[in-house]
Amino acid sequence: MVSLILSSVLFYFSLPTPLFHSQTSFVLEDAEGELLNASIAADGQWRFPYNEAVPEKFIECITTFEDKRFFYHPGVDPIAIGRAVWQNAKGNKVVSGGSTLSMQVIRLSRKKNRNIFQKLVESILAVRLECGYSKKEIIALYAANAPFGSNVVGLDAAAWRYFGRSASQLSWGEMATLAVLPNAPSLIHPGKNREALLRKRNALIQKLLLNKKIDTTTAELALLEPLPGAPLPLPQLAPHLLDRFRKEYPLLQQQDHEVSTRVTTTLQATLQKQVTQVVTRHHSSFRGNGINNAAAMVMEVETGNVLAYVGNVYNPTDPELESHVDVLAAPRSPGSTLKPLLYAALQADGQILPRQLIPDIPTQIGGYTPQNFNLQYDGAVPANQAISRSLNIPAVKMLQKYKYQRMYNLLQQYGFTTLKKPADHYGLSLILGGCEVTPWELAGVYSSLARSYLHQEKNKGKVVGDDWHMPRYQIKNQQSKIKNQEPVGQSTAQLVNQSTNQLINYTALWHTFNAMQEVMRPGEEGLWNMFSSAQRIAWKTGTSFGFRDGWAIGFTPKYCVVVWVGNTDGEGRPELTGINTAAPVMFDIFRLLPTSKWFQPPSYDFAYLPICHQSGYKAGMDCDAVDTMMVSISAANASSCPYHRKIHLDPTATFRATEACIQPSDMVHKSWFVLPPTMEYYYKNKHANYLPLPPFMSGCETDQSRSLEIIYPEQNAQLYIPKEFSGEKGRTVFTATHRTNAAKLFWHIDDQYYATTTRFHQLALDPSPGWHTLTVIDEAGESSTRRFQVLQKD
């Protein structure tokens, strides 16, 4: 009894788990199971992971050829063994082995020398295998680990290497060819073995016909099929996503030691090919300007699934391209692509309204002097246009209002993991690309914003953490174990518990999406919105300092597309801007995608507010043109318009007047739109309908408003005056403005008179190194003063 129990225990534990320890190829499939990419296994074999789905054709072929009683014996076939003994004895050599498929699975897993003792062990273990595995599982183990010639192991790898298709798509002739190979793998090599391979294949086809597995017509067609030639290269449709999976695999293995190296992705093979073609086509023109690299990704907004992943142009034979670099996972300077996030945050905070005027004037903050891309100034620009036109100075002004420390924290909460240095390191340059983000995370954040907006009614106005996550590329549950596919940001749990207007405000997002879709599209001269069939896309471009990175990020309620163009080594190139390079690629990709309706107006977080038509501020008492606008509910306490005020005119409404010269009853009282002098100086050049304040009537006292202002330099500015090309010392142009066109201004430096200007108030000066005081005085005695320092450099 004891011996029986002991024997049973030994029999139970005799089968190792797992059976096979061989390293397998990393394999990517699209959502429909089509092969996208595969890499050779670490031991140099093309060995795909175990696949439980074995085609019926292979099952019929392999059982007919190797083990016709496979579905009836317990792992050992006494009839086959008896026949083998008789044939071997009669022929005085090994003619038949008598091994069943179950025994062959054991032999493939153990890799022992073949002899009588090992045959006996294989027989026992084959019976044990049959006790723990189903017949289909045993066939699948055999199909995954049988040798198919050269360095090809397993049915799946063999189908792709020899026929360029998946096993499920093979014909009877092709499947019969593969079924006879494990018995004699060397037959696949070209040469005299080809005839032997053909005989074996044809014999199997005849046997299938005899056993009525196929009909006569199928058999005749199968016999006419040619044998495979040289091994074929495997598809290389998503090499960078394959590399991403290989890097993330160790983390998956820590969670589950049995995790497969085969992953079914969310990609669509057809779209992947199309996006690759778009990137490749544009790249051929980029190279003329020394731009070697480009990347693009397409996401589905609702699910966050990645539909196309082109990490870089792929041509490993050209080392200059550095094709191995996956730019979608690489931190790069984002240029202006973060500006809409600031615009939305300020609205959610109630600090600005959607069309509120933002100063756009020469600005110096400490030693930082931001410039607009076109090096021009508008004086003042509506906030939504500042976003659609991607103006830098208004963005910096907005960040000053919001505080860069808060913006830094917000970006981290949104899920950007690449801001590794403290907020003070980035400062105000944070909003102009002074940090680094990856295209992967940029697309994740914008698509999460769109997804949350779309789900506002379903979630009853609350922010749900499940809506916030980075892109997903795996269909299986493995994706939840990958670090970069966890929900966005370390604060997702807190985000759900916070009131929605702290991080997500639906009305702010509505105005942000609309501002982003008003950008002029490249090559279409802004006329695209005249066509009803045009796709409405919220999009933003970005260009990093030194023309090193060109970005475009765009989304609709259905799709999000991100594109990056540049050089992976960081070399800048002329004209490498987001609008010139990345945007055309992005729009070509959107043309591949189905169109969708635009976002619906918000259902939560909104209020209606009277808005000053000219300034975009909340209408004050003196605003004469008022609009009603849907705004964030947090904007109820927004500032009233500071630019409209009542002025008093003479009876002809031509001159301003005071009580000193006109009776109040005779005055004409009007509301007037008045900007500060510096803003006015630039604003009136861009707005012909802007009316400066009328001059005072002769004999009237002036009011207390300032008419004079120094535009350049800023207070406490530090100036460096370079030498001219001739080698002579250069000059700095100082600029001032006055409300009265014909006013005379008197310029002084350090109390020393320098010059007088009329109408055009600019003066070229070359002060000595050190600190100076500039004073400008008008004819009425009003003055403006600036302290500045001239730096001396060798």
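**Remarks on the pattern of salt bridges**
Here is step 1 of the chain: A complete count under the given rule lists 18 salt bridges for this structure.
Here is step 2 of the chain: Residue R262 pairs with D156 through a salt bridge whose shortest N-O separation is 3.0 Å. Of this pair, R262 sits in strand β5 (residues 262–264) while D156 is found in helix α7 (residues 155–163), placing the two residues 106 residues apart along the sequence. Grouping residues by exposure puts R262 and D156 together as buried.

**Looking at the environment of A296**
Here is step 1 of the chain: By secondary structure assignment, the location of A296 is in strand β6 (residues 293–300).
Here is step 2 of the chain: With relative accessibility at 0%, the residue A296 sits in the buried group.
Here is step 3 of the chain: The spacing of A296 and A552 is 256 residues in sequence and 9.4 Å in space, taken between C-alpha atoms.
Here is step 4 of the chain: Each residue touching A296, except ones within four places of it in the same chain, is listed here: V275, V279, A308, Y309, V310, L328, V562, V563 and I589.

**Observations concerning the nonpolar core**
Here is step 1 of the chain: Membership of the largest hydrophobic core comes to 85 residues, with the highest contact counts inside it found for L341 and M407.
Here is step 2 of the chain: With eight residues, helix α18 (residues 439–454) is the largest single contributor of residues to this core.
Here is step 3 of the chain: Residues in contact with M407, not counting those within four places in the same chain, are L338, L341, L342, L399, Y402, L430 and I431.

**Considering the sheet that holds strand β18 (residues 717–720)**
Hydrogen bonding along the main chain pairs the strands of a sheet, whether they run parallel or antiparallel.
Here is step 1 of the chain: An order of β18-β24-β23-β20-β21 is seen for the five strands of this open sheet, with the pairing classed as mixed. Among the strands making up the open sheet, the edge pair consists of β18 and β21 (752–758). Looking at each pair of strands side by side, their axes are set apart by 30° on average, direction ignored.
Here is step 2 of the chain: Bridge count between strand β23 (residues 770–778) and strand β24 (residues 783–791): eight bridges; the pairing is antiparallel. For L774, the partnering residue across the bridge sits in β24 and is R786.

**Points about the side chain of S544**
Here is step 1 of the chain: By secondary structure assignment, the location of S544 is in the loop between β10 (538–543) and β11 (549–555).
Here is step 2 of the chain: Judged by its relative accessible area of 5%, S544 is buried.
Here is step 3 of the chain: Among the polar contacts listed, one links the side chain of S544 to the backbone nitrogen of R548, at a separation of 3.3 Å.

**Details of the packing of aromatic side chains**
Here is step 1 of the chain: As enumerated under the stated definition, the model contains 28 aromatic pairs in all.
Here is step 2 of the chain: With 6.2 Å between their ring centres and 80° between their planes, F373 and F547 make a pair best called edge-to-face. Residue F373 is found in the loop between β8 (357–360) and β9 (379–382), and its partner F547 is found in the loop between β10 and β11; the two are separated by 174 residues along the sequence.
Here is step 3 of the chain: Among the residues examined, F547 registers a relative accessible area of 33% and is labelled partly exposed.
Here is step 4 of the chain: Aromatic pair F555 and F599: ring centres 6.2 Å apart, planes at 70°, arrangement edge-to-face.

Conventions used here
Residues numbered from 1 in each chain as written. Predicted model: local features only at pLDDT ≥ 70, side-chain atom pairs only at ≥ 80, totals over all residues. Heavy atoms only, no water. Salt bridge = Lys/Arg side-chain N within 4 Å of Asp/Glu carboxyl O. Helix = DSSP H or I, 4+ residues; strand = E, 2+ residues; numbered from the N terminus. Buried < 20%, exposed > 50% of the residue type's maximum accessible area, 1.4 Å probe, protein only. Contact = heavy atoms within 4.5 Å. Core = buried A, V, L, I, M, F, W, Y, C linked by side-chain atoms within 4.5 Å. Pairing = 2+ DSSP bridges. Axes fitted to C-alpha atoms, helices over the stretch in contact; angles between N-to-C directions. Polar contact = N/O pair within 3.5 Å; in protein donor to acceptor, adjacent residues only side chain to side chain. Phe/Tyr/Trp six-rings, centres within 6.5 Å; stacked < 30°, edge-to-face > 60°.

Geometric descriptors of this kind do not, in isolation, establish any biological role.
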